[in-house]
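A closer look at the structure
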Amino acid sequence: TTALNHLRPPINFERYCTTVLFNHFSTENCEVASPTAATATNELNPFTWSDITDLFTDPNDSNHKSHNYIPSDHPNLALFRRSTSEQVLYEEHKNYLTKNWKSPYDYLVYSKFGEEFGFEKELIQAVDDPSQEKVTWDSNSNGLYLVEAPEGFRYQCNPSLSQASDYTIQNGMTYLKLVLNDFPYDVEEGIHHWCLWKIGGTSRTEGILKEELQWALHELNSYPSDGIDWCSSLFANENELTGSDVSAIDKFSTFYWVNPPHLQSMPEIHHAHILCKPTSKIGKEDGLSSPPPV
């Protein structure tokens, strides 16, 4: 089985930058019509589903899909961004992690996978000496998110991401967690940005597999309503997941992809992005027809 990575159809990047982006930041919304122009409030407009469709589908292909995989080397992936307000929150969150956690990965693994997958949060003295005595933290009394560590201490996750990766690979296991992105890209209301996180597999370089993303899409289709309060977990043994047809997924349409390394904020843990919009909110103006197979 191969990971989803670098095959992409030919695309005229210059054409997209000069037409689609010009339309996205048109004179109706900007003081100056240019690909980098901002609104009067210094905030770029959120991407609509039509914008995303224009950026990531071939305009000459009449066979539009409802579930669209974007190859990792697609140049337009670099155009995604957070809103200004979301970016401010993201920077504040990074400051919190610097002051209170051993590393961003310790926080990520514990907050996403947590005790369900056997991860614990511990206190360690805030020094670089790894031999310092560890203190177990009672997460039940202090919660999970954005708890400040006592002065002179930092949190760490046990086992670490590296230890968990070695364990799962050696035992032919994969951990998957499907959750909403804490700091989503700037997309219009009604589009939800999900992340699929992965630990393990057959090797550290395996990446996200096609059948793992298909599992995530089917999980999303099983959620009630828009599923914004839901998440999914999976402990998979080697070869347990098999490819599945996504043509029966009818509650929403998607674009999904794995960012190239230079666009990943957390490159040491494999993860994929899924933009999801309920089918009932997608009309003919978006250029999408009934769901065919991926």
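This next bit is on the nonpolar core. One finds Phe113, Phe119, Ile199 and Ile269 to be the most contacted residues of the largest nonpolar core, which totals 26 residues. Contributions of two or more residues to this core are made by helix 3 (84-100), helix 4 (104-112), strand 4 (153-158), helix 6 (161-170), strand 5 (173-180) and strand 6 (192-200). Sorting elements by how many residues they give to this core places helix 4 first, with 5 residues. Among the nonpolar cores identified, the runner-up in size contains 21 residues, and Leu178, Leu220, Phe252 and Ala272 belong to it.

Position of Ser233 relative to the elements: it lies in strand 7 (residues 232-237). Classification of Ser233 as partly exposed rests on a relative accessible area of 25%. Sequence separation of Ser233 and Leu176 is 57 residues, and the distance between their C-alpha atoms is 5.7 Å. The contacts of Ser233, once residues within four sequence positions are left out, are Glu116, Phe117, Leu176, Lys177 and Trp215. Of note is the side chain of Ser233, whose polar atom sits 2.9 Å from the side chain of Glu116. Side-chain polar atoms of Ser233 contact the side chain of Lys177, separated by 2.6 Å.

Further remarks concern the packing of aromatic side chains. Within the structure shown, the criterion is met by 20 aromatic pairs. Between Trp101 and Tyr107, the aromatic rings sit 5.4 Å apart at their centres with planes inclined by 80°, giving edge-to-face as the arrangement. Per residue, the accessibility class of Trp101 equals that of Tyr107, and both read buried. Aromatic ring contacts, followed pair by pair, group Phe47, Phe56, Phe80, Tyr185 and Trp257 into a single cluster. Over the aromatic face of Tyr90 sits the side chain of Arg82, whose NZ or CZ is 3.9 Å from the ring centroid. Above the plane of the ring of Tyr155 lies Lys121, whose end atom (NZ or CZ) is 4.6 Å from the centre.

Mapped onto the elements, Glu122 comes out in strand 2 (residues 120-125). Within the structure, the side chain of Glu122 is placed 3.0 Å from the side chain of Asn158, a separation counted as a polar contact.

Calculation rules
- Residues numbered from 1 in each chain as written.
- Predicted model: local features only at pLDDT ≥ 70, side-chain atom pairs only at ≥ 80, totals over all residues.
- Heavy atoms only, no water.
- Core = buried A, V, L, I, M, F, W, Y, C linked by side-chain atoms within 4.5 Å.
- Buried < 20%, exposed > 50% of the residue type's maximum accessible area, 1.4 Å probe, protein only.
- Helix = DSSP H or I, 4+ residues; strand = E, 2+ residues; numbered from the N terminus.
- Contact = heavy atoms within 4.5 Å.
- Polar contact = N/O pair within 3.5 Å; in protein donor to acceptor, adjacent residues only side chain to side chain.
- Phe/Tyr/Trp six-rings, centres within 6.5 Å; stacked < 30°, edge-to-face > 60°.
- Lys NZ or Arg CZ within 6 Å of the ring centre and 35° of its normal.

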